[in-house]
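# What the coordinates show
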Amino acid sequence: AQSVTQLGSHVSVSEGALVLLRCNYSSSVPPYLFWYVQYPNQGLQLLLKYTSAATLVKGINGFEAEFKKSETSFHLTKPSAHMSDAAEYFCAVNTGFQKLVFGTGTRLLVSP
Amino acid sequence: KAGVTQTPRYLIKTRGQQVTLSCSPISGHRSVSWYQQTPGQGLQFLFEYFSETQRNKGNFPGRFSGRQFSNSRSEMNVSTLELGDSALYLCASSSNTGTGTEQYFGPGTRLTVT
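Residues numbered from 1 in each chain as written. Chains lettered and ligands numbered in written order. Predicted model: local features only at pLDDT ≥ 70, side-chain atom pairs only at ≥ 80, totals over all residues. Heavy atoms only, no water.

## Topic: the sheet that holds strand E7 (residues 64-68) of chain B
Residue and element names in this part refer to chain B. Our working rule: The pairing criterion for strands is at least two bridges between them, as found by DSSP. Each helix is a run of H or I in the DSSP string that is no shorter than four residues. Each strand is a run of E no shorter than two, and both are numbered from the N terminus. To define axes, lines are fitted to C-alpha atoms, for helices over the stretch in contact only, and angles between the resulting N-to-C directions are given on a 0 to 180 degree scale.
With respect to topology, 4 strands assemble into an open sheet ordered E1-E3-E8-E7, the strand pairing being antiparallel. If you trace the sheet from one side to the other, it starts and ends with strand E1 (5-7) and E7, each paired once. Along the sheet, successive strands turn relative to each other by an average axial angle of 20°, direction set aside.

## Observations concerning unusual backbone geometry
With glycine set apart, most residues show a phi of negative sign, and most peptide bonds adopt trans. Between B:Thr7 and the following residue, B:Pro8, the backbone shows a cis peptide bond with an omega angle of -10°. Here B:Pro8 shows up in the loop between E1 and strand E2 (10-13). Of note, the phi angle at A:Thr72 is positive, near 45°, even though the residue is not glycine. Along the chain, the position of A:Thr72 falls in the loop between strand E7 (64-68) and strand E8 (73-78).

## A short note on the state of the cysteines
Note the threshold: A pair of sulfur atoms, both from cysteines and within 2.5 Å, is called a disulfide here. Think of it in three bands: with a 1.4 Å probe and only protein chains considered, a residue is buried below 20% of the maximum accessible area for its type, exposed above 50%, and partly exposed in between.
Tallied over the entire structure, the rule returns 2 disulfides over all chains. A sulfur-sulfur distance of 2.0 Å marks the disulfide that ties A:Cys23 to A:Cys91. Taking the torsion about the sulfur-sulfur bond, which here is approximately -60°, the covalent link between A:Cys23 and A:Cys91 counts as left-handed. Of this pair, A:Cys23 sits in strand E3 (residues 19-26) while A:Cys91 is found in strand E9 (residues 87-96), placing the two residues 68 residues apart along the sequence. Assessed through its relative accessible area of 0%, A:Cys91 is described here as buried. Sulfur-sulfur distance for the disulfide between B:Cys23 and B:Cys91 comes to 1.7 Å. When the S-S torsion is -50°, as for the bridge of B:Cys23 with B:Cys91, the disulfide is left-handed. Taken together, the residues B:Cys23 in strand E3 (residues 19-24) and B:Cys91 in strand E9 (residues 87-94) connect sequence positions 68 residues apart.

## Topic: the side chain of B:Asp85
Residues and elements named next belong to chain B. What counts is decided by this rule: Polar contact is defined as a pair of N or O atoms within 3.5 Å, subject to the rule that within protein one atom must be able to donate a hydrogen and the other to accept it, and that residues adjacent in sequence are counted only when both atoms are side-chain atoms. Between two residues, a contact is recorded if the distance between any of their heavy atoms is within 4.5 Å.
Along the chain, the position of Asp 85 falls in the loop between strand E8 (74-78) and E9. When its relative accessible area of 4% is taken as the criterion, Asp 85 is described as buried. In this structure the side chain of Asp 85 is engaged in a polar contact, spanning 2.8 Å, whose partner is the side chain of Arg 63. Not counting residues within four places of it along the chain, the set of residues in contact with Asp 85 comprises Gln 36, Arg 63, Phe 64, Val 78, Thr 80, Leu 111 and Val 113.

Quick look at the structure:
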């Protein structure tokens, strides 16, 4: 069964520092992978998706993710954190039709 | 384009009651999926509807049901509510049937069962 694992339930960075949120996938077929962000008391907002067209995917708000098949990873990065990036981030894999299987989430804390 | 809307945003029910939640997808989207989000279990897939047909179902008891109307609006129903049904229920819509198609989420309905 396809699944994703997010390492680290909490990640703390200083404003201006590099953001790295980790996601590893398990799939026997080329996966369709997504990153979503959730702000307090809101739904999920799509940051970016991987669908095999390119291994480096650029998303909104300066985020990007690189698909590495050899490492079964799809880590999310942003060169310089902003206070407004503080939120919870979810990695997800589409397992068929529109069923998304989510990771457990990583809460990003940004300090001034 | 208006986003996915969900009503109501907040709901308080008593154990044993039933509840109906509503979701209006983005205009033109024909696929609607439902997810349950709890602190303990995280985000879990409930079911997905496309053109009024349930195409996929998660591992939830039969108390959880849904339907989709001809205008793509969807409702989900939970009967005989239990305390553990307290959660944020999220609806997502998608434009087509492709597995790689992105889903757009609504703000959710916060259900509290007392």
